[in-house]
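# Per-entry structural report
As a plain string of letters, each chain reads:
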Amino acid sequence: MSEKATLELNGQKYDFPLKSGTENETAIDISSLRNSTKGIITLDSGFKNTGSCESAITFLDGEKGILRYRGYSIEELAEKADFLEVAYLLIFGELPTQEQNLKFHNDIKAQSVVDEDVKKILDAFPKTAHPMGVLSSLTSALTAFNPSSVNVNSEEDMYKAIVKIMGKFPVLVAWTLRKKNGLPLDYGEKNIGYVENVLKMMFKQPNEDYVQNKVLIEALDKLLILHADHEQNCSTSTVRIVGSSHAGLFASLSAGISALWGPLHGGANQAVLEMLEAIKADDGDTKKYMAKAKDKNDPFRLMGFGHRVYKNFDPRARIIKKAADEVLEDLGIEDPILDIAKGLEQEALKDPYFVDRKLYPNVDFYSGIIYRAMGIPTDMFTVMFALGRLPGWIAQWREMRLNNEPIGRPRQLYVGATERSFVEVDKR
Ligand code: CMC
């Protein structure tokens, strides 16, 4: 292949170098475009064709359904690793040695206490507040309780900030749920695993011991691993762009949580369950909703279907579907919602509308089913997604700062009014 791409514009030719990634992907490096053409820019709404950075964290091939963190396949990681090992891998680039693994666990546990005053902020929220709004606010508030800025040139400083947020974030997640459920807040237990502690902090009743369930621990561990990173998606791009202004880690993460909240992104898992509930209330009429999804005059979309990059299948969905079956079987749950989900999936997979557009069930079509079986309320689903995505956001923020990336500042094509004179209000 040629080493350059040539643009011809008004009879003049401009050359742009090609860059190759380690998986043989090719990018046209247009960083000199505006200067050499004296002001011409590219226009790519939704960044469907635009790479915003070079990254060594996550590789995905949407056509082939491949997802790898730092070179390791998601299938292998979901089967063999635990969430904190994956977090370490994503953030620092290599799987931890036993010693590094133990230290990482211990350092995180040592940071798993949140300032008592954070409870006052939580108290000020109405119980009806959406948990994602609460989580984003509390994460941002952590900045006030940990005001020293991170010296990104110091590995030690960076490490301290990372274990701090990895330790405190699950506490905020659990408190968000406990506040909603009117339960007292506590700090969990130091001597159990990360995921066990999350479950215990969320569900322990004040007057009884919490009994761990191995199937639930494994399923949650898998869910968190599957959600841990997904290269330059909406929330990750948000974290990177906010961090590119040199805003702190916690503030950047808080912005990422807000981005994740939307129903086209992380909020889809909540939207899937709400959609399934609506179909159930409508006599389980899946055909009606399939027709609505295909009707171009109806804004309704089949939530949990389609993906910006996976145009074949979502590898995370395959793994999570299996985990959902195991959890439901272990808990002995027979859920009519699940039957509706299965019916919908089968219809969509053979419907030409969905087949032609390569719309397949994504990870969020199934994750909500597991969360529901675990007893997690629907509006907490996206919070669980955020808990899983945390190491990915941290890894991407760290990479962006270590690469000394410039501030993110896109251009635009102005299509508004041209210059005009101001008219005083009494003359309008
Ligand atoms: N139901 C019905 N039609 C759909 C759907 C859907 N879920 N998704 C896409 N389409 C149609 C869309 O109308 C368009 O049709 P046409 O070509 O006739 O105009 C075509 O498929 C292409 O859609 P698009 O909106 O251009 O695709 P996109 O890459 O911009 O959007 C998406 C990707 C995920 C936002 C979209 O598929 C969607 O809205 N899905 C439902 C929400 C959802 O499940 N989101 C979770 C994504 S996975 C979690 C995550 O990583 O955040």
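Residues numbered from 1 in each chain as written. Predicted model: local features only at pLDDT ≥ 70, side-chain atom pairs only at ≥ 80, totals over all residues. Heavy atoms only, no water.

This part takes up the overall build of the chain. Across its full length, the chain holds 18 helices and six strands. For 428 residues, the compact-globule estimate of 2.2 N^0.38 gives 22 Å, and the chain sits close to it at 23 Å. Along the three orthogonal principal directions, the C-alpha set of the chain runs to about 80 × 65 × 55 Å. Sorting the 428 residues of the chain into buried and exposed places 47% on the buried side. Long-range contacts, defined here as pairs at least 24 residues apart, represent 71% of the contacts in the chain between residues at least 6 apart. (Helix = DSSP H or I, 4+ residues; strand = E, 2+ residues; numbered from the N terminus. Rg over C-alpha atoms; globule rule 2.2 N^0.38 Å. Buried < 20%, exposed > 50% of the residue type's maximum accessible area, 1.4 Å probe, protein only. Contact = heavy atoms within 4.5 Å.)

This model, assessed by the stated rule, comprises 13 aromatic pairs. With 5.9 Å between their ring centres and 35° between their planes, phenylalanine 92 and tyrosine 159 make a pair best called tilted. With phenylalanine 92 in helix H3 (residues 83-92) and tyrosine 159 in helix H7 (residues 155-180), this pair connects stretches of sequence that are 67 residues apart. When the ring of tryptophan 175 is compared with that of tyrosine 187, the centres are 5.4 Å apart and the planes differ by 70°; the resulting orientation is edge-to-face. With a gap of 12 residues between them, tryptophan 175 in helix H7 and tyrosine 187 in the loop between H7 and helix H8 (194-203) connect regions that are remote in the sequence. By relative accessible area, which is 0% here, tryptophan 175 ends up buried. In textbook terms, an aromatic cluster arises when at least three aromatic residues are bridged by ring pairs, as seen for Phe305, Tyr353, Phe354, Phe365 and Tyr366. (Phe/Tyr/Trp six-rings, centres within 6.5 Å; stacked < 30°, edge-to-face > 60°.)

Next up on the list: the sheet that holds strand S5 (residues 66-69). A sheet is described by the order of its strands in space; here three strands give the open sequence S4-S5-S6, paired in antiparallel fashion. Only two strands of the sheet have a single neighbouring strand rather than two, namely strand S4 (58-61) and strand S6 (72-73). Of the strand pairs in this sheet, S4 and S5 are connected by four bridges, and their pairing is antiparallel. Note that in S5 the partner of leucine 60 across the bridge is leucine 67. (Pairing = 2+ DSSP bridges.)

On to the site of the ligand, then. Lining the immediate surroundings of the ligand are 22 residues, of which His265, Arg301, Leu302, Gly304 and Arg308 lie closest. Note that an oxygen atom of the ligand is positioned 3.4 Å from one of the side-chain N or O atoms of histidine 307. Coverage of the ligand by the protein amounts to 79% of the 940 Å² it exposes when considered alone. Each residue belonging to the shell around the ligand can be placed in one class, and the counts come to eight nonpolar, six polar and eight charged. (Near = heavy atom within 4 Å. Polar contact = N/O pair within 3.5 Å; in protein donor to acceptor, adjacent residues only side chain to side chain. Areas by Shrake-Rupley, 256 points an atom, 1.4 Å probe, with all protein chains shown as cover. Nonpolar A, V, L, I, M, F, W, Y, C, P; charged D, E, K, R; others polar.)

Quick look at the sheet that holds strand S1 (residues 4-9) now. What the three strands build is an open sheet, ordered S1-S2-S3; its pairing is antiparallel. Sheet topology places S1 and strand S3 (26-28) at the edges, where each strand pairs with a single neighbour. Neighbour to neighbour, the strand axes of the sheet diverge by 30° on average, direction disregarded. Judged from the three bridges that link them, strand S2 (residues 12-20) and S3 form a sheet pairing that is antiparallel. Pairing of serine 20 across the sheet is with threonine 26, part of S3. (Axes fitted to C-alpha atoms, helices over the stretch in contact; angles between N-to-C directions.)

The next point concerns empty space enclosed by the protein. Any empty space left between the atoms is revealed when a probe the size of a water molecule rolls over them. Enumeration according to the criterion identifies four cavities of 30 Å³ or more in this entry. Counted as a void, the largest cavity has a volume near 130 Å³. Along the wall of the largest cavity there are 15 residues; nearest its centre are Ile108, Lys109, Ser112, Tyr194 and Asn197. Among the secondary structure elements, those contributing two or more residues to the lining of the largest cavity are helix H4 (98-110), H7 and H8. (1 Å grid on protein atoms, 1.4 Å probe; cavity = no way out; pocket = protein on both sides within 12 Å on 5 of 7 lines; lining within 4 Å. Points joined across faces, edges and corners; volume = space filled by probe spheres on them.)

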